[in-house]
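A look at the structure
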Amino acid sequence: MIVLSSSGTQQYLDENEITHISIWKRKIFAFSLSGEYMVPTTLQSLLTAYPQFFKVDRSVIVNTCLVKGYIDNKGLYFADDPRRNIAPIKSEGVQELFDYMQAQNFTISTGRIRVLRQDDQVQIIDANDIAYFHIFDREIMAFTAVGEPYNYPVNLDDFYDAFSELGFTWSDRSCIVRLDKVKGYSKERQGLYFTDQVSRESFIANVSKPVRYRKIMSYLKNKN
């Protein structure tokens with residue numbers, strides 16, 4: 001998956017290396033043994049993560065690699081048959097979009113994205129198969145070129161639904177952890193750690209007591 005480093009640059013993070021995911025100040029962060037990364041959950045951060053996308057209005061960003069054309073008073077289309085899927089945008093941003101596409105001064109960033117189907121099942125798709133992202137009611141929808149709609153994760157509940165099949169569970173209302181990555185609980189730091197030995201530099205995941213704490217401690221005891 002594509003994430004953003006502390007400097008705001010895009011970076012690839014293998015989802016199997018993620019130890020825990022947490023929320024802080026409405027931003028989602030993914031942690032691995034190598035670092036802490038921000039997960040793109042807004043249109044602006046998606047633009048940074050995937051430079052082939054272009055913001056055509058305040059609620060839509062489109063994949064410039066997939067745009068086929070524009071229909072007046074309707075929007076952009078992405079499939080050879082324009083009736084298949086249309087991104088509803090106003091004409092004001094279209095010329096700027098086509099100028100951007102003609103300049104081709106962007107790089108193509110690919111990466112697997114976990115999204116949720118309309119039946120709430122998890123689907124893994126390549127970012128470059130997404131024609132456009134559309135935000136409304138604080139939710140982001142991802143549409144493919146032929147119009148398949150998916151819910152893009154934007155909050156911790158969404159990420160739990162998308163990643164639970166990998167063994168993630170709630171440790172706190174602000175954090176989900178991958179159980180098989182947990183090494184133990186630090187009384188001094190009052191949280192879960194993921195390295196063989198805990199130190200001041202170790203990333204710590206919050207854990208609520210007593211219910212979630214007992215569940216995770218029971219897992220660790222049976223694991224050992």
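Everything here concerns the structure above.
Remember, it's a predicted structure, so these values are computed and weren't measured experimentally. (Residues numbered from 1 in each chain as written. Predicted model: local features only at pLDDT ≥ 70, side-chain atom pairs only at ≥ 80, totals over all residues. Heavy atoms only, no water.)

Within the chain, the regular secondary structure consists of four helices and 19 strands. Within the chain, counting contacts between residues at least 6 apart in sequence, those at least 24 apart form 49% of the total. Entry remark: accessible area of the chain is about 12,500 Å², with carbon and sulfur atoms responsible for 44%. Measuring between centres, the 27 positive side-chain charges of the chain sit 9 Å from its 27 negative side-chain charges. (Helix = DSSP H or I, 4+ residues; strand = E, 2+ residues; numbered from the N terminus. Contact = heavy atoms within 4.5 Å. Areas by Shrake-Rupley, 256 points an atom, 1.4 Å probe, with all protein chains shown as cover. Lys, Arg positive; Asp, Glu negative; His and termini not counted. Charge placed at Lys NZ, Arg CZ, Asp CG, Glu CD.)

As a further point, take the nonpolar core. Formed by 20 residues in total, the largest nonpolar core has its most connected members in Leu46, Tyr50, Phe133 and Tyr152. Apart from the residues within four sequence positions on either side, tyrosine 50 is in contact with Ile2, Gln10, Ser109, Ile113 and Ala127. (Core = buried A, V, L, I, M, F, W, Y, C linked by side-chain atoms within 4.5 Å. Buried < 20%, exposed > 50% of the residue type's maximum accessible area, 1.4 Å probe, protein only.)

On to the packing of aromatic side chains, then. Scanning the entire structure with this criterion turns up 10 aromatic pairs. On the numbers, 6.1 Å between centres and 20 degrees between planes, the contact of phenylalanine 159 with phenylalanine 163 is stacked. Note that phenylalanine 159 and phenylalanine 163 are positioned in helix α3 (residues 156–163) at a spacing of four residues, about one turn of the helix. Both residues of the pair, phenylalanine 159 and phenylalanine 163, belong to the buried class. Centroid distance phenylalanine 163 to phenylalanine 168: 5.8 Å. Interplanar angle 75 degrees. Geometry classified as edge-to-face. Grouping residues by exposure puts phenylalanine 163 and phenylalanine 168 together as buried. Connected via pairs of aromatic rings, a cluster forms that spans Tyr50, Phe53, Phe133 and Tyr152. The ring of phenylalanine 163 has arginine 114 lying over it, and the distance from NZ or CZ to the ring centre is 5.2 Å. Lysine 209 extends its terminal NZ or CZ atom over the ring of tyrosine 213, reaching a point 5.0 Å from the ring centre. (Phe/Tyr/Trp six-rings, centres within 6.5 Å; stacked < 30°, edge-to-face > 60°. Lys NZ or Arg CZ within 6 Å of the ring centre and 35° of its normal.)

With that settled, the discussion passes to helix α2 (residues 94–103). When α2 is considered as a whole, its buried residues turn out to be Val94, Leu97 and Met101. End-on, the buried residues of α2 take up no more than an arc of 60 degrees, which puts them together on one face. For α2, the exposed residues lying more than 90 degrees away from the buried face are Gln95, Glu96, Gln102 and Ala103. Contact partners of the buried residues in α2: β6 (53–57), β7 (60–63), β8 (69–71) and β9 (75–77). (Arc of directions from axis to C-beta.)

Before going further, it helps to examine the layout of surface pockets. Of the pockets and cavities examined, the largest pocket occupies roughly 560 Å³. Looking at the largest pocket, it is lined by 21 residues, and the ones nearest its centre are Arg138, Glu139, Val154, Asn155 and Asp158. A volume near 180 Å³ is recorded for the second largest pocket. If you trace the second largest pocket, you find it lined by His20, Ser22, Ile23, Trp24, Phe29, Phe31, Glu36, Ser174, Cys175, Ile204, Ala205 and Asn206. Contributions of two or more residues to the lining of the second largest pocket are made by β3 (20–24) and β4 (27–32). The dominant element in the lining of the second largest pocket, judged by the number of residues it contributes, is β3, at four residues. Split into classes, the residues belonging to the lining of the second largest pocket amount to seven nonpolar, four polar and one charged. (1 Å grid on protein atoms, 1.4 Å probe; cavity = no way out; pocket = protein on both sides within 12 Å on 5 of 7 lines; lining within 4 Å. Points joined across faces, edges and corners; volume = space filled by probe spheres on them. Nonpolar A, V, L, I, M, F, W, Y, C, P; charged D, E, K, R; others polar.)

Our focus in this paragraph is unusual backbone geometry. Between lysine 209 and proline 210 the backbone carries a cis peptide bond, its omega angle lying at 0 degrees. Within the secondary structure, proline 210 is located in the loop between β19 (191–193) and α4 (211–223). Positioned with a positive phi, lysine 25 is a non-glycine residue whose angle comes to about 55 degrees. Relative to the helices and strands, lysine 25 resides in the loop between β3 and β4. Using a relative accessible area of 64% as the deciding quantity, one classes lysine 25 as exposed. The backbone phi angle of arginine 26 is positive, close to 65 degrees, even though this residue is not glycine. Tracing the sequence through the fold places arginine 26 in the loop between β3 and β4.

Attention now goes to the environment of valine 56. Along the polypeptide, valine 56 turns up in strand β6. Sequence-distant contacts of valine 56, defined by excluding residues within four places in its chain, comprise Val62, Leu76, Ile89, Gly93 and Leu97.

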